Structure formats: structure tokens, C-alpha cells
Amino acid sequence: MAAQGGNYCLFLSQLPIHFDPMDKVGGVFFDSYNNHVLCVQKNNTDVNVKGLDARDNFLLNIPAKGVVKTIKFSGGAHGTQRVLSIQRHSNSVEFVSVFSSS
């Protein structure tokens, strides 16, 4: 982490990943396996996914079932993530299919 003018940055690559400030989102999570930043909006149904490659940027809509504690994609080859794991409670994890198999 490096401080630049009072801002803190986590360097993942030479190209920065920009996302909304924490006061505008419900949570920001890093998926280290897929190198994605997942920004859960305050409504807890919209997830803005940003990756190191612009092709990895997209918006998801997830079921509204409460505050998201952590979220990440299943492992897999680049571009093959099909399942999103969402933890909202300490004793359970929800698995959501987010892409069709075609």
C-alpha cells in the first residue's frame, strides 16, 4: 500500500482499477484468485465487477437477501467463472449461478 496525497492504493498491476468510494457502496471485496474487485452497491443487489482487463468489467444483479459480508467467484480458467459465492451470515454461504453454460 502506498500513500499518495492522503489516498491509499493497493497495486495489483500497472493499470489502476477504479471503483466508487466506500461511502457510496455497501462493500468492496478483492477476489485474489481471479484478480477482480467486486463492489457491492448499498442496495446489496448490484455488484460492479472490475478486473485487470477491461473485458472483465461487468455488472451483476444478485438476490436481495441482506448485507453481503464477503463475495467471490468460483475458481476456474479465465472467463469461465460460473458460480458466485456470497456470504451474508457467519454460518452459511450462498452459491449463485451468474452465467449461462452456453
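Before any of the text, the structure's been laid out above.
What you see is a predicted model; the values in this text were computed from it and never measured. (Residues numbered from 1 in each chain as written. Predicted model: local features only at pLDDT ≥ 70, side-chain atom pairs only at ≥ 80, totals over all residues. Heavy atoms only, no water.)

Caption draft 1: Spotlight on the side chain of Thr45. Among the structural elements, Thr45 can be located in the loop between strand S4 (36-41) and strand S5 (46-51). Overall, the relative accessible area of 15% leaves Thr45 in the buried class. The contact partners of Thr45, leaving out residues within four places of it in the chain, are Leu60, Asn61, Ile62, Pro63 and Ala64. (Helix = DSSP H or I, 4+ residues; strand = E, 2+ residues; numbered from the N terminus. Buried < 20%, exposed > 50% of the residue type's maximum accessible area, 1.4 Å probe, protein only. Contact = heavy atoms within 4.5 Å.)

Caption draft 2: Geometry of the pattern of salt bridges. Within this structure, the stated rule accounts for 3 salt bridges. With a shortest N-O distance of 2.5 Å, Asp53 and Arg55 are connected by a salt bridge. Residue Asp53 is classed as partly exposed on the basis of its relative accessible area, which comes to 26%. What makes Arg55 exposed here is its relative accessible area of 69%. (Salt bridge = Lys/Arg side-chain N within 4 Å of Asp/Glu carboxyl O.)

Caption draft 3: Quick look at the pairing of S4. Across the 6 residues that make up S4, a large majority, 6, are buried. Of the two faces of S4, the one lined by His36, Leu38 and Val40 and the one lined by Val37, Cys39 and Gln41 are each fully buried. Relative to S4, strand S3 (residues 25-31) is paired through 6 bridges, and the arrangement is antiparallel. Paired with Val28 across the strands is Cys39, a residue of S4. Hairpin connection between S3 and S4: a loop of 4 residues separates the two successive antiparallel strands, and Asn35 in this loop has a positive phi of roughly 55°. (Pairing = 2+ DSSP bridges.)

Caption draft 4: View of the sheet that holds strand S9 (residues 92-97). Read from one edge to the other, the open sheet built from 3 strands follows the order S7-S8-S9, with strand pairing classed as antiparallel. Only two strands of the sheet have a single partner each, and these edge strands are strand S7 (70-73) and S9. The mean angle between the axes of side-by-side strands here comes to 20°, regardless of whether they run parallel or antiparallel. (Axes fitted to C-alpha atoms, helices over the stretch in contact; angles between N-to-C directions.)

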